[in-house]
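Architecture at a glance
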Amino acid sequence: MVRRRFSHPLVAVFGAALLTVPWLGLHSLFGIELQTGVTVALSGVAVLGASFLLAWGAETAEADVPRAFALAILAVLAVAPEYAVDALYAWEAGINPGSPESAEAASLAVANMTGANRILIGIGWSAIALFTVFRARETGDEAVENRPGFLADAVRLDKGISTEILFLFVATMFAFFVPLGDGIGAFDMFVLVGLYVSYILVALNSPHEHQEQIGVPAYLQSYVKPKRIATTLSLFLFSGFVILVAVEPFAHGLEELGTAVGVPPFLMIQWVAPLASESPELIVVAYLVNKARSTAGFNALISSKLNQWTLLIGTLVLVYSLSLGYYGPLPLDSHQAGEIWLTAAQSYFAIAILISLTISVREALVLLGLFFAQFVYAVTGAAVTLPLPGLGLVTLDGTTSLFAFSVVYMALGTGLFVVRWRELRSVAKRSIRRVRGDFTEDAAEEPVAAAED
């Protein structure tokens, strides 16, 4: 009898909620100052508990709203701390415009934003793809295809993700033009935020697909509708609140630990803080993959990339202008422009991979390898002199290396788009139909061919 009680789904819910109690009690409720190590430990455990609550809330919501919309809300809540950190630096940049402090704050805002986006693809997309293939033997995930060849096994994505891919592609192509102006301005905000609002409207009007649930979500979906909706909203609000109050101290605690061992603040803001703030989402997606729901996991990852690549960039100028007291574009120097171009180029290459609606082990490893190559280059600050045809000896360091890696990503991505032009056309047609509100499959549509990577 006791064992049966502890196996009840609500025990898991209360257990996850209990993980948040030490942090909420000691820090948020009583305001006790904690040592850095204790802060990292307690806030990290709270983020873990909130991530499970958030995942259960998103799965429960699928009983009442389209899955794409539920996962879009999940993505926004999971990366809310990223918005808070970036908004803080954008606000500080507007306090004393033209000063060295303002320039540094603007630089940190761009560093945090670009670092978060590159981590999400370089580590998030690739690691989750590898984890999905690895777990498929035990989960029996039907989305994983066993293919002949070296590291050829792949994760096949649902056709419904075509919509997210289309919006992400448009946002990525627009991002290449952002650094060409005076900075991140009002036009950029209207275009990027408008893209995300349009995507949310399409997701909200998507067909309601029933997904058979097990465990906690299945139990919560058995509630009558009013109680189910109230439970879902409570899970969203509580987990979102915990993530918001725990991830920033978690990230800053890691920054302090890094600074104590000699890591420069810029690198901590660009790499360690975003990695910490992305952790709730990666935990949620790993949980979905572990339940053989890799398609939902990738949907959440792509939705998160889309909202960071639109809302996060677009709202920086709004916060900066509010801090100024009048309208002004968030200034960008050549290094920050290079950071944005590199991030856009990585996104371009990643979309070229997913345009076949698959991602193989080989492709995931290439994404991961390129990310770590430019990460190591950025951290070490090494300068390399290379002989280039027609240019002579060229030294790659700082900003120059950003452009060099951008060229590599663009060349690889363009090559894939050329090879996969049929898949690109098929995804575009399907996406445009869905944007227009037509969610029926066209019988004459060309099937998306398997990727030949």
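If you're wondering where the values come from, they're calculated on a predicted model, not measured in any experiment. (Residues numbered from 1 in each chain as written. Predicted model: local features only at pLDDT ≥ 70, side-chain atom pairs only at ≥ 80, totals over all residues. Heavy atoms only, no water.)

**Some points on the overall build of the chain**
Check the secondary structure of the chain and you find 17 helices and seven strands. Here the chain holds 453 residues, and the buried ones make up 52% of them. Taking the intrachain contacts of the chain between residues at least 6 apart in sequence as the baseline, contacts between residues at least 24 apart amount to 80%. Accessible surface, the chain as shown: approximately 19,500 Å² in total, 69% of it carbon and sulfur. (Helix = DSSP H or I, 4+ residues; strand = E, 2+ residues; numbered from the N terminus. Buried < 20%, exposed > 50% of the residue type's maximum accessible area, 1.4 Å probe, protein only. Contact = heavy atoms within 4.5 Å. Areas by Shrake-Rupley, 256 points an atom, 1.4 Å probe, with all protein chains shown as cover.)

**Here we look at a nonpolar patch on the surface**
Together, Leu 26, Leu 29, Phe 30 and Ile 32 line one region of the surface with nonpolar side chains, adding up to about 410 Å² of accessible area. Relative to the assigned elements, Phe 30 resides in the loop between helix H3 (21-29) and helix H4 (36-61). (Patch = residues over 30% accessible without salt bridge, like charges linked within 9 Å, V, L, I, M, F, W, Y side chains within 5 Å. Salt bridge = Lys/Arg side-chain N within 4 Å of Asp/Glu carboxyl O.)

**Topic: the sheet that holds strand E2 (residues 154-156)**
Strand order in the open sheet formed by three strands is E1-E2-E5, and the pairing between neighbours is antiparallel. At either end of the open sheet lies a strand with only one pairing partner, and these are strand E1 (144-145) and strand E5 (358-360). The pairing of E2 with E5 spans three bridges and is antiparallel. Within the sheet, the bridge partner assigned to Ala 154 lies in E5 and is Ser 360. (Pairing = 2+ DSSP bridges.)

**A look at the packing of aromatic side chains**
If you walk through the whole model with that rule in mind, you get 14 aromatic pairs. Considering the side-chain rings of Phe 371 and Phe 375, the 6.1 Å spacing of their centres and the 10 degrees angle between planes classify their relative orientation as stacked. Here the residue Phe 371 and the residue Phe 375 both occupy positions in helix H15 (residues 361-380), the gap between them amounting to four residues, near one helical turn. Look at Phe 371 and you get buried, because its relative accessible area is 2%. Aromatic rings pair up to connect Trp 271, Phe 371, Phe 372 and Phe 375 into one cluster. Here Lys 227 stacks its cationic end above the ring of Tyr 223, 4.1 Å away from the centre of that ring. Of note, Lys 305 hangs over the ring of Trp 309, and the distance from its end group to the ring centre comes to 4.5 Å. (Phe/Tyr/Trp six-rings, centres within 6.5 Å; stacked < 30°, edge-to-face > 60°. Lys NZ or Arg CZ within 6 Å of the ring centre and 35° of its normal.)

**A word on the confidence of the model for the chain**
Put simply, the chain has an average pLDDT of 81, and 86% of its residues get 70 or more. Between the elements of the chain, mean pLDDT differs from a low of 50, seen in strand E6 (residues 384-388), to a high of 93, seen in helix H14 (residues 334-354). The low-confidence segment residues 442-453 (pLDDT under 50) makes 30 contacts with residues lying over four places distant or belonging to another chain. (pLDDT = per-residue confidence, 0-100.)

**What to know about the side chain of Thr 232**
Structurally, Thr 232 can be placed in helix H11 (residues 225-260). Among the residues examined, Thr 232 registers a relative accessible area of 6% and is labelled buried. With residues up to four places along the chain from it excluded, the contact list for Thr 232 reads Gly 57, Thr 60 and Ala 61.

**Considering the nonpolar core**
Soluble globular proteins tend to pack their nonpolar side chains together in the buried interior. Grouped together as the largest cluster of nonpolar side chains are 108 residues, with contacts concentrated most on Trp 125, Phe 298 and Ile 359. Among the elements that take part in this core, helix H13 (residues 294-324) stands out by supplying 15 residues, more than any other. Leaving out residues up to four positions away in the same chain, Ile 359 has contacts with Trp 125, Ala 129, Ala 154, Val 155, Phe 298, Ile 353, Leu 354, Ala 364 and Leu 367. The next biggest cluster of nonpolar side chains, apart from the first, holds five residues, and it includes Val 85, Tyr 89, Ala 109 and Ile 269. (Core = buried A, V, L, I, M, F, W, Y, C linked by side-chain atoms within 4.5 Å.)

**Describing helix H7 (residues 100-139)**
When the local axis directions of H7 are compared, the greatest deviation, roughly 30 degrees, occurs at Val 133. Counting buried residues along H7, 28 of its 40 residues qualify, which places the element largely inside the surrounding structure. Gly 140, located one to two residues past H7, shows a positive phi value of around 65 degrees. (Bend = angle between axes of the 7 residues up to and from the residue.)

**Re the environment of Leu 24**
Mapped onto the fold, Leu 24 is located in helix H3. Between the C-alpha atoms of Leu 24 and Val 242, which are 218 residues apart in sequence, the distance is 7.7 Å. Not counting the four nearest positions on each side in its chain, Leu 24 is found in contact with Leu 29, Phe 238, Phe 241, Val 242 and Val 245.

**What to know about the packing of helix H8 (residues 162-175) against H14**
Axis separation between H8 and H14 bottoms out at 9 Å; the angle between their running directions is 150 degrees. On the basis of their axis angle, the class for H8 and H14 is roughly antiparallel. The way H8 lies across H14 gives a crossing that is left-handed. Counting all contacts with H8, which are made through Ile 165, Leu 168, Phe 169, Thr 172, Met 173 and Ala 175, the residues of H14 involved are Ile 340, Ala 344, Ser 347, Tyr 348, Ile 351 and Leu 354. Grouping the constituent residues of the contact of H8 with H14 by class yields ten nonpolar, two polar and no charged. (Axes fitted to C-alpha atoms, helices over the stretch in contact; angles between N-to-C directions. Parallel < 35°, antiparallel > 145°, perpendicular 65-115°, else oblique. Left-handed = near helix turned anticlockwise from the far one by under 90°. Nonpolar A, V, L, I, M, F, W, Y, C, P; charged D, E, K, R; others polar.)

**What to know about the packing of H7 against H14**
Contact geometry for H7 and H14: axes closest at 10 Å, N-to-C directions at 15 degrees. It follows that H7 is roughly parallel to H14 by the angle criterion. When you trace H7 past H14, the crossing you get is left-handed. Along its contact with H7, which presents Ala 103, Ala 106, Ser 107, Val 110, Met 113, Thr 114, Asn 117, Arg 118, Ile 121, Gly 122 and Trp 125, the element H14 presents Gln 336, Glu 339, Ile 340, Leu 342, Thr 343, Gln 346, Ser 347, Ala 350 and Leu 354. Classifying every residue of the contact of H7 with H14 gives ten nonpolar, eight polar and two charged.

**Looking at the environment of Val 76**
Residue placement: Val 76 occurs in helix H5 (residues 67-78). We classify Val 76 as partly exposed; its relative accessible area is 32%. Linking Val 76 and Gln 308, residues 232 residues apart in sequence, is a C-alpha distance of 8.5 Å. For Val 76, the residues in contact, after removing those within four places along its chain, are Tyr 196 and Asn 307.

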